[in-house]
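# Residue-level structure breakdown
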Amino acid sequence: MLFLGITWNPSDTLFTLGPLQIKYYNLLWITAFALGWAIMKKIFQSENKSMEKLDSLFIHTVIATMLGARLGHVFFYDWPYYKNHLLEILLPIREGSDGFEFTGFTGLASHGAAIGIIIGMMLFIRKWPEFTLLGILDRVVIPVSIGAVCIRVGNFFNSEINGKPVEETFVFATKFIRDSDDMHPSKVMSITKQDNLNAAYKALETNPQFSEFVAAIPYRHPAQLYEAFCYVFVFIILWYLFWKTDKKEKSGYLFGTFLVLLWTIRFFVEYVKKSQGGFEESLGLLSTGQWLSVPFIIIGLYFMFRLKKTA
């Protein structure tokens, strides 16, 4: 079949301009925010809200999303490391054998982003009290859902948050050459003797003398694409409910629907996703991502099925 045995080994950088690197992941984050702004502009215009308030909402959302996602990763998934490297929490650096190096923010967690956005919206309505918290959340979740698609595609380009090993004959089997667990950057540099990481990974894939190392890398589920594909339908459903039904008048309903749909998808995709660390070893049974998803699903069900009030 056409999709059997995909080998995935793209550079994480789209192009460079001198010292500036334009990475796929960063570009997709920018795309997510740009699409979000455009969608909210359409919603604000339909409800005769001012662009000044939209700009304020955008700033609150960007800061809350990035800060929440970063702190979520730090505290939910990697606190044992960061408690001894506090400087790295909010700075895009990593301590190595030769001192600090610029890495960009390599750890962002969607559960933290969700909490951050809710707090950000609370701060937004304090500035603009004509909005209600549930009213603004019912609208913000629409662009957030399409933003989630962009971020998971970005994870795929970065070969991160990969799935568990799978047989090569599986229809979506993907060999992630750059999976840091299967082929760590330091290991590939040592094997190929290249002084450039992208050149090292390229040599590993194309040079026959390294074929045994490539063969040892397992095929995995492209779990990021599973999520991205499902999140497209979350966006379509929310878009339809907002524009084609009266659900936007039922305070909290769209917000609840978003929580139930998105985190249910996340819960089930976790079964084919390799461990991301966190506290799952101490609790067992479920992964960290699943434990964190359950409260969001319960809260979503509450807002969907509680006694409805008009916004």
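Calculation rules
Residues numbered from 1 in each chain as written. Predicted model: local features only at pLDDT ≥ 70, side-chain atom pairs only at ≥ 80, totals over all residues. Heavy atoms only, no water. Phe/Tyr/Trp six-rings, centres within 6.5 Å; stacked < 30°, edge-to-face > 60°. Helix = DSSP H or I, 4+ residues; strand = E, 2+ residues; numbered from the N terminus. Buried < 20%, exposed > 50% of the residue type's maximum accessible area, 1.4 Å probe, protein only. Axes fitted to C-alpha atoms, helices over the stretch in contact; angles between N-to-C directions. Parallel < 35°, antiparallel > 145°, perpendicular 65-115°, else oblique. Left-handed = near helix turned anticlockwise from the far one by under 90°. Contact = heavy atoms within 4.5 Å. Salt bridge = Lys/Arg side-chain N within 4 Å of Asp/Glu carboxyl O.

### Quick notes on the packing of aromatic side chains
Inspection of the entire model under this criterion finds 23 aromatic pairs. Residues Y25 and W29 carry aromatic rings whose centres are separated by 6.3 Å and whose planes lie at 85° to one another, so their mutual orientation is edge-to-face. Highlighted residues: Y25 and W29, both in helix 1 (residues 24-46), separated by four residues, approximately one helical turn. For the residue pair Y25 and W29, the accessibility class agrees, reading buried in each case. An aromatic cluster is defined as three or more aromatic residues linked by ring pairs; in this entry it consists of W8, Y24, F156, F157 and F176.

### Overview of the packing of helix 5 (residues 133-157) against helix 10 (residues 253-269)
Two elements in contact, helix 5 and helix 10, have axes separated by 7 Å at closest approach and are oriented at 25°. Between helix 5 and helix 10, the interaxial angle falls into the category roughly parallel. Here the hand of the crossing between helix 5 and helix 10 comes out left-handed. Along its contact with helix 5, which presents L134, L137, D138, V141, I142, V144, S145, A148 and R152, the element helix 10 presents Y253, L254, F255, F258, L262 and R266.

### Here we look at the pattern of salt bridges
Counted under the stated rule, the structure contains ten salt bridges. Of the charged contacts, one joins E227 and R152 as a salt bridge, the two residues approaching to 3.2 Å between their closest N and O atoms. Of this pair, E227 sits in helix 9 (residues 223-244) while R152 sits in helix 5, placing them 75 residues apart in sequence. Taken individually, E227 and R152 each receive the classification buried, so the pair is uniform in this respect. A salt bridge links D179 to K274, with the nearest nitrogen and oxygen atoms 2.7 Å apart. Here the residue D179 occupies a position in the loop between strand 6 (174-176) and helix 6 (185-192), and K274 occupies one in the loop between helix 10 and helix 11 (280-283), the gap between them amounting to 95 residues. Of the two residues examined, D179 and K274, each falls in the buried class. Three or more residues are tied together by salt bridges with common partners; here these are R152, E227, R266, E270 and K273.

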